[in-house]
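Each chain, letter by letter, is given below.
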Amino acid sequence: MMEASDLFDRITSGEGYFLNIAGPCAVESQDQVSRTAKYLSSIGVPVLRGGAFKPRTSPDTFQGLGEEGLQMLAQAREETGMIIVTEVMDVEKLKLVEKYTDIIQIGSRNCQNFTLLRRVGRSQKPVLLKRGFGNTIDEFVNSARYISLEGNRRILMVERGIRTFETSTRFTLDISAVPVLKERLQYPVIVDPSHPAGVARYVEPLALAGVAAGADGLMVEVHPDPQNALSDKDQQLNFEQYGHLKSKTDQILSAMGKKSMQLERIA
Ligand code: PEP
Ligand code: MN
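Note that the structure is a prediction, hence the values are computed from the model and not measured.

Definitions and cut-offs
- Residues numbered from 1 in each chain as written.
- Chains lettered and ligands numbered in written order.
- Predicted model: local features only at pLDDT ≥ 70, side-chain atom pairs only at ≥ 80, totals over all residues.
- Heavy atoms only, no water.
- Axes fitted to C-alpha atoms, helices over the stretch in contact; angles between N-to-C directions.
- Helix = DSSP H or I, 4+ residues; strand = E, 2+ residues; numbered from the N terminus.
- Left-handed = near helix turned anticlockwise from the far one by under 90°.
- Contact = heavy atoms within 4.5 Å.
- Expected span 1.5 Å × (residues − 1).
- Buried < 20%, exposed > 50% of the residue type's maximum accessible area, 1.4 Å probe, protein only.
- Arc of directions from axis to C-beta.
- Polar contact = N/O pair within 3.5 Å; in protein donor to acceptor, adjacent residues only side chain to side chain.
- Donors = N, O, S within 2.8 Å, 3.2 Å for Na, K, Ca; no water.
- Near = heavy atom within 4 Å.
- Areas by Shrake-Rupley, 256 points an atom, 1.4 Å probe, with all protein chains shown as cover.
- Nonpolar A, V, L, I, M, F, W, Y, C, P; charged D, E, K, R; others polar.

**Focus: the packing of helix H2 (residues 30-42) against helix H3 (residues 67-80)**
Running from amino to carboxyl end, H2 crosses H3 at an angle of 35°, the nearest separation of the two axes being 9 Å. For H2 against H3, the interelement crossing comes out right-handed. Packed against H2, whose contacting residues are Gln-30, Val-33, Ser-34, Ala-37, Lys-38 and Ser-41, the element H3 presents Gln-71, Met-72, Leu-73, Gln-75, Ala-76, Glu-79 and Thr-80 at the interface.

Below, the structure is given as structure tokens:
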């Protein structure tokens, strides 16, 4: 099976590989994750996302399935050979999350949790670090340094939108962050168009803008039945919508002399 470290090294090889990460906002059931993984792997997407521990704005909403959710992701990996990325919210749960996942996600709300950043800096697994929605690029770069100074240099930087005065979208996708981060760090820059969009119909234009701006990958929320999703239901794409986005992405990539990394490439 493909290893997350090989995948990371391939993306940073300078050979023009682009990383597609997709999957539901939250893990809800084995059927939901396995169906999504089966679809995504059938179109060559190498990395499956899905939250088992969810940092929700309101404590009254779905908080994730916890370890049971991690087991469901691991089962989907068994079934498809995909690489798994899932979020860890606190140091206390890190060992548990590390046991199941291939890539550790640090969410926007933990971008400046320096204790957690230092601790994942000592992990052997690649870290996907999301920009805090109230953080400058400079602060985001410093957060990555908290990880790298502990020894872990496999970091994926994710621009996921920042809070501005604009209220027509959930957050404002800071496209400028793509070239700035690429100039400041050697790490891959991934665009998450789902959280800034807040609604499914804006996801594709934001994603394509990210690709054209030179992002090294996209992380998109995909759900078999978005209307009935337990979190972020308005912004998740169904399989057909994601398939459409993926083929447009591939067209732009080919015009740029790049290519989507395939699940099969590193066997
Ligand atoms: C997520 O990726 O599901 C998530 C919670 O995103 P963010 O941390 O960017 O809000
Ligand atoms: Mn989400």
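**Notes on helix H10 (residues 239-255)**
Across its 17 residues, H10 extends 25 Å between first and last C-alpha, which sits within 8% of the 24 Å expected from 1.5 Å per residue. Looking at H10, one finds that the buried residues are Phe-239, Tyr-242, Leu-245, Lys-246, Thr-249 and Leu-253. For H10, the angular spread of the buried residues around the axis is 120°, confining them to a single face. Summarising the geometry of H10, the exposed residues directed more than 90 degrees from the buried face are Glu-240, Gln-251, Ser-254 and Ala-255. Tucked inside the fold, the buried residues of H10 contact strand S1 (17-23), H2, helix H9 (200-212), strand S8 (217-221) and strand S9 (259-260). Where H10 starts, the residue carrying a side-chain oxygen 3.1 Å from the main-chain nitrogen of Glu-240 turns out to be Asn-238. Downstream of H10 by one or two residues, Gly-257 has phi in the positive range, about 75°.

**Here we look at the coordination of the manganese ion (ligand 2)**
Taken together, the protein donors to the manganese ion (ligand 2) comprise Cys-25 (SG), His-195 (NE2), Glu-221 (OE) and Asp-232 (OD), at separations of 2.1 to 2.4 Å. For the manganese ion (ligand 2), the donor residues sit on a single chain with the sequence spacing C-x169-H-x25-E-x10-D. Within this pair, whereas Glu-221 is found in strand S8, its partner Asp-232 is found in the loop between S8 and H10, the two being separated by 11 residues in sequence.

**Notes on the environment of Phe-62**
Among the secondary structure elements, Phe-62 is positioned in the loop between strand S2 (47-49) and H3. Residue classification places Phe-62 among the partly exposed residues on the basis of a relative accessible area of 21%. Residues Phe-62 and Ala-26, 36 residues apart in the sequence, show an inter-C-alpha distance of 9.0 Å. When residues no more than four places from it in sequence are discounted, the contact partners of Phe-62 are Ala-26, Val-27, Glu-28, Lys-54, Arg-56 and Leu-230.

**Details of helix H6 (residues 137-148)**
Two residues of an α-helix separated by three or four positions point the same way, owing to the 3.6 residues in each turn. Between the first and last C-alpha of H6 there are 16 Å, a value that for 12 residues agrees with the 16 Å anticipated at 1.5 Å per step. Residues Ile-137, Phe-140, Val-141, Ser-143, Ala-144, Ile-147 and Ser-148 constitute the buried set of H6. Take H6 and look down its axis: the buried residues cluster within an arc of 155°, on one side only. Among the structural elements, helix H5 (114-120), strand S5 (127-130), strand S6 (155-159) and helix H7 (177-184) are those in contact with the buried residues of H6.

**Details of the side chain of Thr-86**
Note on placement: Thr-86 falls in strand S3 (residues 83-87). According to the relative accessible area criterion, Thr-86 is buried, its value standing at 1%. Apart from the residues lying within four places of it in its own chain, the contact partners of Thr-86 are Gly-50, Gly-51, Ala-52, Leu-70, Leu-73, Val-97, Thr-101, Ile-103, Ile-104 and Gln-105.

**Brief notes about the site of ligand 1**
With respect to spatial proximity, 13 residues lie near ligand 1, and among them Arg-49, Ser-108, Arg-109, Lys-130 and Arg-160 are the closest. A distance of 2.6 Å separates an oxygen atom of ligand 1 from a polar side-chain atom of Arg-160. In isolation ligand 1 offers 290 Å² of accessible surface; the protein chains occlude 96% of this area. Residues that form the shell around ligand 1 fall into these classes: two nonpolar, four polar and seven charged.

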